[in-house]
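Listed below, chain by chain, are the residues.
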Amino acid sequence: MLKEQKLKIKKVVIVLITLILIFLNLSPKNAYSQLKNDNLPVNWEQVKQVLSPQTSKPNIKIYSQENVLTSFDAQKAKLFDNKNALAKYTASGYSVTPFGYFSNPEGKIYEPGADELSSNKYNSEKGYPYNFATDTFLPDRFIDNDENYGFKVAQSMVVLGDYFYILYLGYGYNNGVRYYTGNATILKVSKYFKNDIFYDGWNRISRFADRFANTWDLLPFAEYAKYTKYFTVGYSFDLKGAHGEALTTDGKNLWLLGAPQGNLDKSTYTHLSKINLESLTPEVQYKFNVQNASSGKYYYLNTAAFVSETKFYAATRYNGGYSFFEGNINNNKVSIKHLTDFKNPIGYWNQSLDYDFSRNLLYLTADSNFMTFSPNVLYNSNPDWRSVQYSQITGNREFEGVSFQNGSIYLILGYMAEIVISQIDTSLFWDYDVSHYAANDILWMKQKGYSTGYEDGTYRADLEVNRGQMALFFEKIFQWQNDPITVTNPFVDISPSDTCYKAVLRMFQRSITTGTDATHFSPTREIKREQFAAFLYRAQGRPFFEPSQELLGKFNDISQSSFKKEILWLVYNGISTGTTDSTFSPQNTIKRGQMATLFHRFDNFRYQ
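Computed from a predicted structure; not experimentally measured.

**Some words on the pairing of strand S26 (residues 399-405)**
And step 1. Counting buried residues in S26 gives seven out of seven residues, a clear majority hidden from the surface.
And step 2. The sheet contact formed by S26 and strand S27 (residues 408-413) spans six bridges and is antiparallel. Residue pairing across strands places Gly401 opposite Ile412, the latter belonging to S27.
And step 3. Hairpin geometry of S26 and S27 is characterised by an intervening segment of two residues between the two adjacent antiparallel strands and by a positive phi of about 50 degrees at Asn406.

As structure tokens, this is what we get:
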């Protein structure tokens, strides 16, 4: 009996000890103690050396040239008018940015919003429905004997493999830092960051307490030193206090674009450096300047995004908007071509220009926003603002850079060395809007594979459909793609090089279309509602149909239409309800959202 009681007591003691250990492990105080008492061997001189900027110049090949662009005249340039821009971020400049010291006479620094500290999740208000959550905090500064060490402000980021490459902006120099994240779980959001040191107080640890007094509230180096094995500090670029630098990647190599701000002249160069991934030192550097032939003024390019190892796009703030350029590297020279200007842009200052290789999209990051668009938009002689999608993230933050890897998009946030991440939902179009009247129909088109959208991933529901596009939609929905073509092309305005060529001929050989005349199909002409009704009726096999007298009197605007029977067939079968109770609007053009709705209803009808 006594033996059993002792055994029970022993079990109770074990349970209590286990609970106490669990409690201590979850306790913020204990987590802090774990860090303080982690007696890693710390060599202060090694730690100091790791964080000290390199001062010796690397062995670098430099190719200098002048005036690589002399045709840039922004007064004559075509303008991309962003009618859908987020106007509240452009109305008053810096006063609406997250930088308190630009508009606050007391010099107070930006304080994080309550929504960020409570959940660390960021939901976009416009554009594509991203949902960002904190992924990584990057330790970047510490203190010893009242002496500050570390880096200044995170300025740009590239994700490659198991590494974050971060460019930190200093006063008079910039440093590149490589963080190894493969096994460095301590850098990730974990139990260590859910205590009073790393979570509630991280905004206190990792941001300026007072920029002008240059005081800090930082970790003692004994705790900080354990992180040093996870990062490498690169070369220090002396850019005379410049604020126009950006890291970028061609998917294989790392590049740094840098350009001093201020009054530029012929002797002031923009530089583009290829960075060694191991030593973080520049291997090759191209130095050039950009000049406006008309005014003689020189410009700096402060953001760039490579799309291959020799081609990149660059942007800079100009004339109340953003100017975009194409750059090419050939025979150790850089050539620059001005492409277009964006009017009414988001944000006040472009922080980064980045490229998503998997979706062929450019991202321009500005303040708490970014916009996405296909590079082809920059070459359009008549740019369409509907080609640009805007995302504004809740919370008052400044995004310094964007990077992509394995279907995820990473954003680095300034002043807190924080990286947030979102999975990109490729099942949706970039501009998918759940509140749109055709939202379900557009989603159906995507899921069925009937529409892949435009090359930038958008659907553009409010854009009109032309006859060539309509032929392609009919071919997919009726599954004619593999049918042999047995007719000779009668149309002089389509050729085998046209995307819609086969689809048009398959419609022609089925007598679904005879063209706008005997020799023209007019593929770029917008399709009208009555023409769509005729196409759909014929594609369905011209079913027998006699409209009732009641149906014949439904619409007061179709009496002159050549396709009255086809229109009423659509209405009778519930495919169309008209534009009002008494009108069909046969001469109106069809928009892509309306088309999705009509096709979806037709699909339900034919499989009833």
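**Structural notes on the packing of aromatic side chains**
And step 1. Tallied over the entire structure, the rule returns 29 aromatic pairs.
And step 2. Where Tyr163 meets Tyr180, the ring centres are 5.4 Å apart and the plane angle is 55 degrees; that geometry is what we call tilted. Placement of the pair is Tyr163 in strand S8 (residues 163-169) and Tyr180 in strand S9 (residues 173-180), with a sequence separation of 17 residues.
And step 3. In this structure Tyr163 comes out as partly exposed when scored by relative accessible area, which is 25%.
And step 4. Assessed through its relative accessible area of 26%, Tyr180 is described here as partly exposed.
And step 5. Summarising the aromatic geometry, the rings of Phe532 and Phe599 are spaced 5.3 Å apart at their centres and angled 70 degrees between planes, so their arrangement reads as edge-to-face. Separated by 67 residues along the polypeptide, Phe532 in helix H11 (residues 529-539) and Phe599 in helix H14 (residues 592-606) bring together distant segments of the chain.

**Quick look at the pairing of S8**
And step 1. Counted residue by residue, S8 has six buried out of seven residues, so it is predominantly covered.
And step 2. Linking strand S7 (residues 153-160) back to S8 in an antiparallel pair, the connection comprises two residues, with Gly161 at a positive phi of about 60 degrees.

**Focus: the sheet that holds strand S18 (residues 303-306)**
And step 1. On the basis of which strands lie adjacent, the open sheet formed by five strands has the order S2-S21-S20-S19-S18 and mixed pairing. Each edge of the open sheet carries a strand with a single partner, namely strand S2 (79-81) and S18. Ignoring strand direction, the axes of neighbouring strands in this sheet form an average angle of 25 degrees.
And step 2. With three bridges joining them, S2 and strand S21 (residues 333-343) adopt parallel strand pairing. Bridged to Phe80 within S21 is Phe342.

Criteria and cut-off values
- Residues numbered from 1 in each chain as written.
- Predicted model: local features only at pLDDT ≥ 70, side-chain atom pairs only at ≥ 80, totals over all residues.
- Heavy atoms only, no water.
- Buried < 20%, exposed > 50% of the residue type's maximum accessible area, 1.4 Å probe, protein only.
- Helix = DSSP H or I, 4+ residues; strand = E, 2+ residues; numbered from the N terminus.
- Pairing = 2+ DSSP bridges.
- Phe/Tyr/Trp six-rings, centres within 6.5 Å; stacked < 30°, edge-to-face > 60°.
- Axes fitted to C-alpha atoms, helices over the stretch in contact; angles between N-to-C directions.

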